[in-house]
Amino acid sequence: MKTVLILNFPAEGHVNPTLGITKAFSDKGYDVHYISTEKYKKRLEAAGATVHLHRDLLRTTPIHVGSPNGILDFVKIHIKTSLDILQIVKDLSKSIQFDFVYYDKFGAGELVRDYLDIPGVSSSASFLFGEEHLKILPLHPESGAPLELDQECEDLLAKMKETYGVAPKNLVQFMNNKGELNVVYTSRYFQPESDRFGDECLFIGPSFPKRAEKTDFPIEQLKDESVIYISMGTVLDHTEDFFNLCIDAFSGFNGKVVIAAGEKADLTKLKQAPENFIIAPYVPQLEVLEQSDVFITHGGMNSVNEGIHFSVPLVVMPHDKDQPMVAQRLSELHAGYVISKDEVNAQILKQAVDEVLRNDQYMAGIKKINQSFKECMDMEEVMERIDELIRQKNK
């Protein structure tokens, strides 16, 4: 029996895509250990993992990614979380012999792989990026204006090297961990410029296992109704103004409007919404999408994949990270209508929803991507490739 250690970045769009392969490892008889946060413990245990918890700094630290200080705060979260994870790994490795480590593009993956000196398999919750995309990030040493670390970051990195004997090659590693194999939760068809990526990249498509979560969301109210579903993900701050625009835009909508406001939104700053609105910090997204006619999204890859899976026309308002790239690809494949966050108003929102409902090209584009997901590499072949990697490393 093989023993696998799984690491991830503690956000919905990173954890949810791994649930399928976590379950596949467990079903194959692997002893699965997953390092994550309390928020994801139940759903990971339901997928067959033993869960080890670290502090959830992402949820407790306000981040304004658009500012230099925001980027520095984001890096600091990565460094502190990596130190927490390395300590957990150090403790676990005293009694557990791991065969390989499976880790997200974001986070401590390569650090833990190097610390344990075992094979590493990376997984990408979004598209793969070429080096030219990475070089424009402030975290990249060759960017025009590389990020300057403060003394706290320098001290934390020095502590990492001194205590665990590992350090990132550069800061961009925290957003682009690589492995000997790289699992990608999309299809070669959806991946931009996919011919640039070789056989070490395993395009397995997204998976959507049932999540072991009980909510008091009134899903029955959506049955036999027209439904607009609105979510800006779980990481963005200061979304209240946009949700107020949505209330203005869709107050006259003949159906239900569901807003997943996220835990960071201050619901007291929202306007009084009509009775056809359901606004909650968290909603069961898969169940809501199953009933939805339109999905207004920030363009996070996990949300987009889930919308495509349920054949829901997409209105995409990208903010940062991979979202502009995802929005552009949806536009190229006629599978999403893109609006600018800097120009959005109630009229533009209404026009966008009308366009994706009226124009059949969006549904046709979505169905083509959905079909490409069904034709991806199956889980059995993924397991065989990982087994082969471990055999080669152990020769």
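Rules used in this analysis
- Residues numbered from 1 in each chain as written.
- Predicted model: local features only at pLDDT ≥ 70, side-chain atom pairs only at ≥ 80, totals over all residues.
- Heavy atoms only, no water.
- UniProt positions renumbered as here; feature names shortened; annotations may be inferred.
- Helix = DSSP H or I, 4+ residues; strand = E, 2+ residues; numbered from the N terminus.
- Buried < 20%, exposed > 50% of the residue type's maximum accessible area, 1.4 Å probe, protein only.
- Pairing = 2+ DSSP bridges.
- Right-handed = clockwise from strand over helix to strand, strands pointing away.
- Domains from an automatic or database assignment.
- Contact = heavy atoms within 4.5 Å.
- Buried area = accessible area lost by both parts, 1.4 Å probe.
- Salt bridge = Lys/Arg side-chain N within 4 Å of Asp/Glu carboxyl O.
- Polar contact = N/O pair within 3.5 Å; in protein donor to acceptor, adjacent residues only side chain to side chain.

## Some points on the UniProt feature "domain: Erythromycin biosynthesis protein CIII-like C-terminal" (unreviewed entry) in the protein chain
- In the numbering used here, UniProt assigns the "domain: Erythromycin biosynthesis protein CIII-like C-terminal" (unreviewed entry) feature to residues 247-385.
- Split by type, residues 247-385 is 47% helix and 14% strand. Its first and last C-alpha atoms lie 49 Å apart.

## Some words on the pairing of strand 5 (residues 120-124)
- By the criterion of burial, strand 5 is predominantly enclosed, with 5 of the 5 residues buried.
- Side chains Gly 120, Ser 122 and Ser 124 project from strand 5 onto one buried face, and the interleaved Val 121 and Ser 123 project onto a second face that is buried too.
- By the bridge criterion, 4 bridges tie strand 4 (residues 100-104) to strand 5 in an arrangement that is parallel. Counterpart to Val 101 in the pairing with strand 5 is Gly 120.
- In this fold, the crossover linking strand 4 to strand 5 by way of helix 6 (residues 109-116) has right-handed handedness.

## Observations regarding the domain arrangement of the protein chain
- Here the domain parsing of the protein chain yields domain 1 (1-204 + 376-392) and domain 2 (217-372).
- The C-alpha centroid of domain 2 is placed 28 Å from the C-alpha centroid of domain 1.
- Between domain 1 and domain 2, the contact holds 29 residues from the first and 23 residues from the second.
- For the domain 1 face of the interface with domain 2, the top three residues by lost area are Phe 127, Tyr 189 and Phe 190, together amounting to 32%.
- Summed over the shared surface of domain 1 and domain 2, the number is 2 salt bridges.
- One salt bridge in this structure joins Glu 263 and Lys 39, with 3.8 Å as the shortest N-O distance.
- Between domain 1 and domain 2 we count 6 residue pairs in polar contact (both at pLDDT 80 or more) in total.
- Listed by contribution, the elements that provide at least two residues to the side of domain 1 that touches domain 2 are helix 1 (12-15) and helix 4 (57-60).

## Focus on the pattern of salt bridges
- Applying the stated criterion to the full structure yields 23 salt bridges.
- Lys 2 is the salt-bridge partner of Asp 387, the closest N and O atoms lying 3.6 Å from each other. Taken as a pair, Asp 387 in helix 15 (residues 379-394) and Lys 2 in the segment before strand 1 (3-7) lie far apart in primary sequence, 385 residues in all.
- In this structure Lys 2 comes out as partly exposed when scored by relative accessible area, which is 25%.
- Here Glu 263 ties to Arg 59 by a salt bridge, and the two come within 2.5 Å at their closest N and O atoms.

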